[in-house]
Amino acid sequence: MAVQSMSGTGDLGEGTGVVPDAPLLEVEDLFVEFHTRDGVAKVLNGVSYHVDAGETLAVLGESGSGKSVTAQAIMGILDVPPAVVRSGAIRFRGEDLLKVSDGRRTELRGQGLAMVFQDALSALNPVFTVGFQIEEQLRVRLGMSRKDARKRAVELLDLVRIPNAARRVRQYPHEFSGGMRQRAMIAMSLALDPELLIADEPTTALDVTVQAQIMDLLKELQVERKMGLILITHDLGVVAEVADRIAVMYAGKIVEHADAVSLYRNPGHPYTAALLESLPRLDLKGTELKTIRGLPPSLLAIPPGCPFHPRCPMAEDRCRTEVPGDHRLGLGRTSKCHFAEELVGRV
Amino acid sequence: MSETVSERAATEPAPGEAILEVRDLVKHFPVRVGVLFKHVIGQVRAVDGVSFELRRGETLGVVGESGCGKSTLAQVLMRLEPPTSGTALYKGRDMFAMRGAELRKLRRSIQIVLQDPYTSLNPRMTVGDIVGEPFDIHPEVAPKGERRAKVRELLDVVGLNPEHINRYPHQFSGGQRQRIGIARALALRPEIIICDEPVSALDVSIQAQVMNLLGDLQSEFGLSYVFIAHDLSVVRHLSDRVAVMYLGKIVEIGTEDEIYSHPTHPYTQALLSAVPVADPTVRGQRQVIRLEGDVPSPVDPPSGCRFRTRCWKAQDVCAEEVPELVTRVAGHPSACHFAEERSVVP
């Protein structure tokens, strides 16, 4: 598992608890709560997933399912308080990020793991040039001179295909279009050559033609650099185009985990199945869309048993009382549904 | 054999009569500079010569990327912004010339559902006040004593619990808030509802509920929709006819089948091919037309065809001559000198 190091950023493993054969990132049984005025919101209730180098894991879910909170916990940017990490582990190359010092965290951020945010306009600082914001980390973290950092920033903007990079590097975020800002964010996250990139809804704010450009770019860079990629999104179309594996989240749990082809062809959880059926399609005009009745549960009061049971067409008595565990459905496939085998067997 | 849109409409038997006819609608916003001595240095050509008609009971989808002028079009049709030029006939009468009582009546007939259910509802008003407010402005629709009952009825129609009439918007989820917005739009029994991205802020499972509701209301009340959205799948699902906009102009217009199965304008083709397909087995096999760069600024749009700067078919003529929106191939109008049919949706 060789790590490409384009900018010669040095070895991250020196004198630390890095285990060379461990998966790139492993989240294990993560529980996160938010202590709010109205009570304790159970935002993550035992989330586990892993990503290897060069692999794309898509985390799919609706708003409030906990997909972004997981990412924030991995990056160590949760607002604590109100957030409290109750239990679990986040291992980056075997090293538990929840146990390491703040200094080590900072060291890993950027070089080990980096993140691309959804809203590039608010993620970029409006009073500094785009170049300055890319160069800052190069200078602080790698000790580059201003001149070298500028040169590298231009290269990075070039890499993400921003035309006229040498001129653009001196401009401010407001002078960039939406697509270019997102590219600049990607350039920034790649500056320290991370091994794992977390992209949180990277194209949600963009138009389809620009979305296609950005997804192509991310995919290409990922393959080139053998990066692990966690793509957080609610868009079932984007997921189908790029994901190797998919984790579907609902009410702070991963309800289904499968490779992309199996999940779309033969969903193993009623929630996944319902999501796929409620999607309007480009290739045919339907009459009535299938809907999922009701609303996602409030995280302040998650229903007992299976959290999806009030909305589930298959729900029976045991779903109301018994929390479904992971049902194995073949290689690397799991589903948290009492009737998972039945559901998959139906097709 | 090129016929214009209006000729085509006149010769074809329409399934419903035209309730709204928009002709060469133009909306420019001046770009001003200076603090003390303001002067105009240019025009944002948000809508630049748009023509279409909306028939009774049908849904006209308007698709396009951000900045193509689709929301400005909605504002002009709502008479929230005066047009720079052009006309719109509502049942044969010029909408923009209406004044006084006639204008009040028009405002009852055309309503809007806005995109963001979080900012389009006043947080300090109860649901009852929000949905009932149109009755304060148009008291002739419902006498004071009947208003609460009317509001309850409306809440029931859009699938909300009438008992929640005294709740505030923050007590509702996004999808429910959008239902409140729809109830408000329905209050005055309009004939036309302009839906400006009504489902784009909602989650997939909620989006389907609201789309079904819009469909049900249309058949129940015989509403005509102008359905503005950037999501091509959503537009296909709800629309009878579709107009594709780019930089303030309609580049292609036709029935839902004509646009999705037989697109002829390169922009329509690129737009359709860029939509990700929710099927991992076709990954990499689908032909995707990748457009270069971004949409040019509407302050200084390209000469001739506005799409030519990103078009792979562009030739000299495209820079010199503005392509008319006329039928060249495939039986529906397309504003491209080199229009040809190409199937891009699998």
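Residues numbered from 1 in each chain as written. Chains lettered and ligands numbered in written order. Predicted model: local features only at pLDDT ≥ 70, side-chain atom pairs only at ≥ 80, totals over all residues. Heavy atoms only, no water.

(A) Here's a closer look at the overall build of chain B. A count of helices and strands for chain B gives 11 helices and 12 strands. The C-alpha atoms of chain B give a radius of gyration of 21 Å, which matches the 20 Å a tight globule of 346 residues would have. Scored against the burial criterion, the 346 residues of chain B give a buried share of 54%. Contacts in chain B between residues far apart in sequence, at least 24 positions, make up 65% of those at least 6 positions apart. Carbon and sulfur atoms form 50% of the exposed surface of chain B, whose accessible area is close to 14,900 Å². In chain B, the 40 positive side-chain charges and the 44 negative ones have mean positions that sit 7 Å from each other. (Helix = DSSP H or I, 4+ residues; strand = E, 2+ residues; numbered from the N terminus. Rg over C-alpha atoms; globule rule 2.2 N^0.38 Å. Buried < 20%, exposed > 50% of the residue type's maximum accessible area, 1.4 Å probe, protein only. Contact = heavy atoms within 4.5 Å. Areas by Shrake-Rupley, 256 points an atom, 1.4 Å probe, with all protein chains shown as cover. Lys, Arg positive; Asp, Glu negative; His and termini not counted. Charge placed at Lys NZ, Arg CZ, Asp CG, Glu CD.)

(B) Looking closely at the overall build of chain A. From N to C terminus, chain A includes 13 helices and 12 strands. In terms of C-alpha radius of gyration, chain A reaches 21 Å, essentially the compact-globule figure of 20 Å for 347 residues. Projected onto its principal axes, the C-alpha positions of chain A cover 70 × 50 × 45 Å. Here chain A, with 347 residues, has 55% of them falling under the buried criterion. Restricting the contact set of chain A to residue pairs at least 6 apart, pairs at least 24 apart contribute 66%. For chain A, the accessible area works out to roughly 14,700 Å², and carbon and sulfur atoms hold 52% of it. With 40 positive and 45 negative side-chain charges, chain A shows a spacing of 3 Å between the two charge centroids.

(C) View of the packing of aromatic side chains. All names here are of chain A. In total, this model carries seven aromatic pairs over all chains according to the counting rule given. Each ring, one from Y250 and one from Y271, has its centre 4.6 Å from the other, and the planes form 55 degrees; the classification is tilted. With Y250 in strand β9 (residues 245–250) and Y271 in helix α11 (residues 270–277), the pair connects residues that are 21 residues apart, well separated along the chain. In this structure, Y250 and Y271 share a single accessibility class: buried. Here the aromatic residues Y250, Y271 and F308 are joined through ring pairs into a cluster of three or more. Taking NZ or CZ as reference, R168 lies 5.3 Å from the ring centre of F176, over its face. (Phe/Tyr/Trp six-rings, centres within 6.5 Å; stacked < 30°, edge-to-face > 60°. Lys NZ or Arg CZ within 6 Å of the ring centre and 35° of its normal.)

(D) Representation of the sheet that holds strand β11 (residues 327–328) of chain A within the structure. Residues and elements named next belong to chain A. The eight strands are arranged β6-β7-β8-β3-β9-β10-β12-β11 in an open sheet whose pairing can be described as mixed. Two strands bound the open sheet, and with one partner strand each, they are β6 (113–116) and β11. Taken together, the four bridges between strand β3 (residues 56–60) and β9 define a ladder with parallel strand orientation. The partner of A58 across the bridge, within β9, is I246. Along the sheet, helix α7 (residues 178–190) contacts β6 and β7 (196–200); its crossing angle with β6, the most-contacted strand, is approximately 175 degrees. Seen against the sheet, helix α8 (residues 208–225) touches β3, β7 and β8 (228–233) and runs at an angle of roughly 155 degrees to β8. (Pairing = 2+ DSSP bridges. Axes fitted to C-alpha atoms, helices over the stretch in contact; angles between N-to-C directions.)

(E) The arrangement of the environment of F339(A) in detail. All names here are of chain A. Note that F339 resides in the loop between β12 (334–335) and α13 (340–345). With 23 residues separating them in the primary sequence, F339 and E316 have C-alpha atoms 9.9 Å apart. Not counting residues within four places of it along the chain, the set of residues in contact with F339 comprises M314, E316, R318 and C319.

(F) View of the pattern of salt bridges. All names here are of chain A. Under the defined criterion, the tally for this structure stands at 36 salt bridges over all chains. The partner of R318 in a salt bridge is E322, and the shortest N-O contact between them spans 3.2 Å. Overall, R318 belongs to the partly exposed group, its relative accessible area being 36%. (Salt bridge = Lys/Arg side-chain N within 4 Å of Asp/Glu carboxyl O.)

(G) Fine view of the nonpolar core. Within the largest apolar cluster, 68 residues are counted, with the highest numbers of intra-cluster contacts made by I182(B) and L232(B). Element by element, the count of residues in this core is highest for helix α7 (residues 204–221) of chain B, at seven residues. Discounting chain neighbours no more than four positions away, the residues touching I182(B) are V113(B), V158(B), V210(B), L213(B), L214(B) and L217(B). In this structure, A114(A), A120(A), L157(A) and V169(A) belong to the second largest nonpolar core, which totals 39 residues. (Core = buried A, V, L, I, M, F, W, Y, C linked by side-chain atoms within 4.5 Å.)

(H) Representation of the sheet that holds strand β2 (residues 39–51) of chain A in the model. Residue and element names in this part refer to chain A. Within the open sheet, the four strands sit side by side as β2-β1-β4-β5. Their pairing is antiparallel. Two strands in the sheet have a free side with no partner beyond their single neighbour: β2 and β5 (95–96). Pairing of strand β1 (residues 25–36) with β2, which is carried by 10 bridges, proceeds in the antiparallel orientation. Across the sheet, F31 pairs through a bridge with N45, a residue of β2.

(I) The interface of chain B and chain A, seen in detail. With 43 residues of chain B in contact, the opposing surface of chain A contributes 46 residues. Of the roughly 3,700 Å² buried at the junction of chain B and chain A (both faces included), carbon and sulfur atoms supply 54%. Inspection of the region where chain B meets chain A yields one salt bridge. Close ionic contact of R290(B) with D216(A) constitutes a salt bridge, the shortest N to O distance being 2.2 Å. Taken together, the connections running from chain B to chain A amount to nine residue pairs in polar contact (both at pLDDT 80 or more). (Buried area = accessible area lost by both parts, 1.4 Å probe. Polar contact = N/O pair within 3.5 Å; in protein donor to acceptor, adjacent residues only side chain to side chain.)

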